[in-house]
Amino acid sequence: MKLFTVGPTQMKKEIMEVGGQLVPYFRTKEFSNVMLDSDRLLQKFMHAPKGAKSIYLTASGTAAMEAVVMNCLNSRDKVLVIDGGTFGHRFVQLCDIHEVPYERVTLAADEKLTEEHLKPFDNIGITALLVNIDETSTGQLYDIQLLSDFCKRNSSYFVVDAISSYLIDSYDMEKYGIDATIISSQKGLCIAPGLSVVVLSERLIKDRVENNQIRNLYFDFNDYLRNFQRGQTPFTPCVGICMEMNKALHLIDEQGEDDFLGYIDAVAKDFREKVKKLPVSIPAFPLSNAVTPVIFDKPIAKKVFEILKDEYDIYVNPTGGEREPYVLRVAHIGDTTIEDNSMLIDCMEKAIKKVTEELE
Ligand SMILES: *Cc1c(COP(=O)(O)O)cnc(C)c1O
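Keep in mind that this is a model prediction, so the values were computed, not measured.

**Student:** Could you clarify how one ought to interpret the environment of Pro-49 in this entry?
**Tutor:** Structurally, Pro-49 can be placed in the loop between α2 (29–46) and β2 (53–58). Distance from Pro-49 to Ile-178, taken between C-alpha atoms, is 8.7 Å for residues 129 residues apart in sequence. Each residue touching Pro-49, except ones within four places of it in the same chain, is listed here: Met-173 and Glu-174.

Written out as structure tokens, the structure is:
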């Protein structure tokens, strides 16, 4: 089996070895030290500002998004959501459910986010901006400088879902004044799903987390912050995945962050070059290195997906929504190489040929 999917990803052998081991008991000094060690590396690769604190949730990424909305926002806010796809839309749904007032920028599937989209929201009292920096459903990597500038001139908190961008594209909380970063284990870290992390700036903790009286037991950030001072979580964490995370972060540290990101960049660029020989197109807006959307001119995406899966044991990401018949997404993270790209392009070419012949 070969995964060209964005999460779960094709995991490295070293990670699968950790996954195969006995899961240790966790209310110990030893496990606390593993968590504190992971946190040091995780924040280092995020360029987290001084005083930033992390929250380790045993939950999928959406739960971390929801927990941030509950702990960091409230009914007196006026937030701006970049609603540019499935994940942006999830922030809209969360604001609705938790009664957080919002404005939104809605983007079409092929529309690039620009300064023009943000201008109408200047000087109207936006208190926080919510964005999925790589909107994984379209592959668009938004211009973080543009969004950071908006937050600075409007004195808004900057909340970033970097689930499919952290450890894939370069990411820097300090440089861009980011107040909350949301990540999840199965994407950039390339380990099993089940763990999500929220890293918060000191000001967001002091202003909001400490004062928002939330009516929720499991997602109360104050409890997590208190416990993590000693490297623990209030409830049983996904201990096995925490062990995988520690291994993954050390592998990246040994390789060096720049080298690690540079490799993913090279694999993504190579794929985008090679895919030109197929009868498909890719979006014109800036893309994250996480995935390349491959757009067919005929509604054959589902058939190509099935052939890749059934005949070659290769998995790519289908795309939900209206564009489902036309778009597949190919991930470039995890244990995938330039040679794998050649193999995939070859199989895609055969699959497209087969489907097209059947159509004729
Ligand atoms: C994968 C992903 C999520 C989280 O999805 P879950 O299925 O809840 O883990 C959230 N935001 C983005 C941008 C993602 O890519």
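Past the structure itself, the notes keep going.
**Student:** Just to check I follow, could you spell out the pattern of salt bridges for this structure?
**Tutor:** Side chains bearing opposite charge may pair, as long as their charged atoms lie close to each other. Taken as a whole and judged by the stated rule, the model has 19 salt bridges. Among the salt bridges present, the one from Arg-208 reaches Asp-77, with a minimum N-O distance of 2.8 Å. Residue Arg-208 is found in helix α8 (residues 202–209), and its partner Asp-77 is found in the loop between α3 (61–72) and β3 (79–83); the two are separated by 131 residues along the sequence. Arg-208 sits in the buried class, given a relative accessible area of 13%. For Asp-77, a relative accessible area of 3% translates into the label buried. Among the salt bridges present, the one from Arg-203 reaches Asp-179, with a minimum N-O distance of 2.8 Å. Taken together, the residues span a long stretch of sequence, with Arg-203 in helix α8 and Asp-179 in the loop between α7 (173–176) and β9 (180–184) at a distance of 24 residues. With a relative accessible area of 41%, Arg-203 lands in the partly exposed category.

Conventions we followed
- Here the residue numbering is sequential within each chain, running from 1 through the sequence in written order.
- With pLDDT at 70 or above as the cut-off, local features in this predicted model cover only qualifying residues; side-chain atom pairs require 80 or more to be listed or tallied, and sums for whole chains, interfaces and linings still use all residues.
- Computation of side-chain values: all heavy atoms of the structure, hydrogens and water removed.
- Labels follow the DSSP assignment, with helices taken as runs of H or I lasting at least four residues and strands as runs of E lasting at least two, numbered in each case from the N terminus.
- Note on contacts: a residue pair is in contact if any heavy atoms of the two residues lie within 4.5 Å.
- Salt bridges are identified by distance alone: a Lys or Arg side-chain nitrogen within 4 Å of an Asp or Glu carboxyl oxygen.
- Between buried and exposed lies partly exposed: a residue is buried under 20% and exposed over 50% of the maximum accessible area for its type, with that area taken using a 1.4 Å probe on protein chains only.

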